[in-house]
Amino acid sequence: MSIVSPRPMSGFPELLPDRQIVLNRCIDTVRRRFELSGFAPIETPSVERVDVLTSKGGDEKEIYAIRRLAAEGDAEAEFALHFDLTVPLARYVAQHKEQLTFPFRRYQIQKVWRGERPQQGRYREFYQCDIDVIGRNTIGLMNDAELVSVIFGVFTELEIGRFVVRINNRKLLQGCYQHYGIAVDQVPAVLRIVDKLEKIGREKVIGELTESLSVDAALGQALVGFAELDMPTDELLNRLSELPMVANESYATGLDELRSVVDGIRSLGVPDEVFRVDLRIARGLGYYTGTVYETTLVDHADLGSICSGGRYEDLASHFTKDKLPGVGISIGLSRLVFALLERGVLTVGASTPARVLVTVMDVELTAHALSVAATLRAAGVATEVFLEPKKGLGDQLRYASKKGVAFVVIAGTDEIAAGVVKVKNLATGIESTCNPTEILATVRG
C-alpha cells in the first residue's frame, strides 16, 4: 500500500491541542456572553443550495461547490458550503417565521468557507460568531445599542487588550452625499469607496471617486473631509447638528438615530472609552441601512476590523414578501484568536483539559486508580488515568508535566493499605498526603 504524504491544506488551519484549547475557551466565552443577553442558539447546515447562497450577491468565485467524486459528466453543482452566516439566517427565518417569536434574537457560532487567496491573517475556513435581532415589520433602535454592550462584555472577558467599537449611520452619510449633489443611485458606490479610507488613504479615495464616478476633485475632498471629522463623541454630534446638510431629511434622521444609539450604549453601562462615533465607517455592503459598526484593537490597529455589522431594512427579501428588518454584528473569531496567539496577547497553556493525572503504579492497582478518577470526575474535575503498562512513575510524571497537568495523584500498595493517596503539585513540586475526603480540596487548590 502506498503512503500518502500528509501535506497541510493552505488556508485550512488545524491546531495543536494547546492552541485548540485556547480557541475552544474563546468560543465558550462568546457563547456564554451571547446567552447572558438572551440570544438563542441556532445552527444551519454547512451546505446550502447554490441559488440560496447567490441570492444576496455572494461572489461565486469565492463559493465552494459540493459535488460527489463519482458524479457523472460536468453537471452543475446544486449545493455549496456557506460563505457567511447571514444568508443562511435569511433563509432560516423566512422558512420558520411562523414558528419563531419576534423579535427573534439568535446567535450562531459556526465555521464558514471562502475561496480566498490564503495569506497572513486570511483563511479559507474559519469560525464566525454572529448575533442578530430580527423584527417583523419593525425593530426597535435600542437593539443597535444593546449589540455594542454585548460585544463590550465579550471582548472584556476575552482579555484581548484595549478595543474601540466605532459606530456611524448610513442615513447620515447618504444625506451628506445628497447635500453635495451625489445622485441617489450613486450613493452606494460612493459608500464603497469612502469605506476604503483607512486602507488606502485620502488621496487614493479621492482619486477613485474622481476616476470611477467622475466626481469633481473638490467635491471628493469635501466628501473625504466630512468623513475625517474627528473629535470626542458629544462634541462631534453637536458639530454634525450645526452643518448645513442637517436640512436633508435622511441626514437629520441618521443624526437623531446616532444620538439615540449613543445614549442607549451609555445607559447599558458601556464606558465612553470603549466606543466612539467615527464617520469613516461606511461598511461597503449594500444592505446596511442605518447603524453600522466596526471594532478595532487599540494596540493592534493593523489587524483591521475584528468585529463588524449593522442594521438592515429587510433581511429576507429574496425568500419572503414579509418585511423582516434587523440588526446584527459578527466576530471573525478564528482570525482574531490566531493573530493574538502569534502576538502573545493570548497565551497557550496546557495541551490537555485534564487538571489531574492519576498514576498507576502497578497494573493490579488499575481498579483503584479508576475509582479515584471516577470520584474526581463526578465532582467536575477533569481527570486522566495513565493506562499504559510498564511505565514507571518517572515516565508518568514526565508525561504529566509535558502535557501541563496541574496535579498528579500517586497511590502505591502502601498508600492504598493506609487509605490515603499522595497528591503532587507539579508547579510547586509540593507533595501532600490526603485521605479520600481531602483529595478534592487539594486538587481544586
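Everything quoted here is computed from the prediction, not taken from an experiment. (Residues numbered from 1 in each chain as written. Predicted model: local features only at pLDDT ≥ 70, side-chain atom pairs only at ≥ 80, totals over all residues. Heavy atoms only, no water.)

Novice: Describe the pairing of strand β7 (residues 163-169), listing the residues and the values that go with them.
Specialist: Taken across its 7 residues, β7 has 7 buried, putting it largely inside the fold. What you see with β7 is no split at all: F163, V165, I167 and N169 on one side and V164, R166 and N168 on the other are buried throughout. Alignment of β7 against strand β9 (residues 288-297), held across 7 bridges, turns out to be antiparallel. Bridged to V164 within β9 is T296. (Buried < 20%, exposed > 50% of the residue type's maximum accessible area, 1.4 Å probe, protein only. Helix = DSSP H or I, 4+ residues; strand = E, 2+ residues; numbered from the N terminus. Pairing = 2+ DSSP bridges.)

Novice: Kindly report on the sheet that holds strand β14 (residues 407-410), identifying the contributing residues and their values.
Specialist: Whether parallel or antiparallel, the strands of a sheet pair through hydrogen bonds between backbone atoms. The 5 strands lie next to each other as β13-β12-β14-β15-β16, forming an open sheet whose pairing is mixed. Edge positions in the sheet fall to β13 (383-385) and β16 (431-434), since each of these pairs with one other strand and no more. Adjacent strand axes in the sheet meet at a mean angle of 25° when their direction is disregarded. Sheet analysis places strand β12 (residues 356-358) next to β14, joined by 3 bridges and oriented parallel. Directly across from L357, in β14, lies its bridge partner V408. (Axes fitted to C-alpha atoms, helices over the stretch in contact; angles between N-to-C directions.)

Novice: Tell me about helix α4 (residues 142-158), residues and numbers included.
Specialist: Relative to the 24 Å expected for 17 residues at 1.5 Å per residue, α4 spans 25 Å between its end C-alpha atoms, a close match to the ideal helical length. Judged by how many residues are buried, α4 sits mostly within the fold: 12 of 17 residues are covered. Within α4, the full set of buried residues consists of N143, D144, A145, L147, V148, S149, V150, I151, G153, V154, F155 and L158. Downstream of α4 by one or two residues, E159 has phi in the positive range, about 55°. (Expected span 1.5 Å × (residues − 1).)

Novice: Give me the lowdown on the sheet that holds strand β3 (residues 65-66), citing residues and values where you can.
Specialist: Strand order in this open sheet of 3 strands is β2-β4-β3, and the pairing throughout is antiparallel. Bordering the open sheet on either side are β2 (47-49) and β3, each of which pairs with just one other strand. Note: β3 against strand β4 (residues 79-81), 2 bridges, orientation antiparallel. Following the sheet pairing, I66 is matched in β4 by F79.

Novice: Hey, could you go over the pairing of strand β15 (residues 421-425) for me, with residue numbers and the actual values?
Specialist: Of the two faces of β15, only the one carrying V421, V423 and N425 is buried; K422 and K424 on the other face are not. Looking at chain direction, β14 and β15 are connected through 4 bridges and run antiparallel. Counted as the bridge partner of V408 is K424 from β15. Strand direction decides the pairing type here: β15 and β16, joined by 4 bridges, are antiparallel. Looking at β16, one finds that V423 is bridged to S432.

All quantities given are derived from atomic positions and should not be read as evidence of function.
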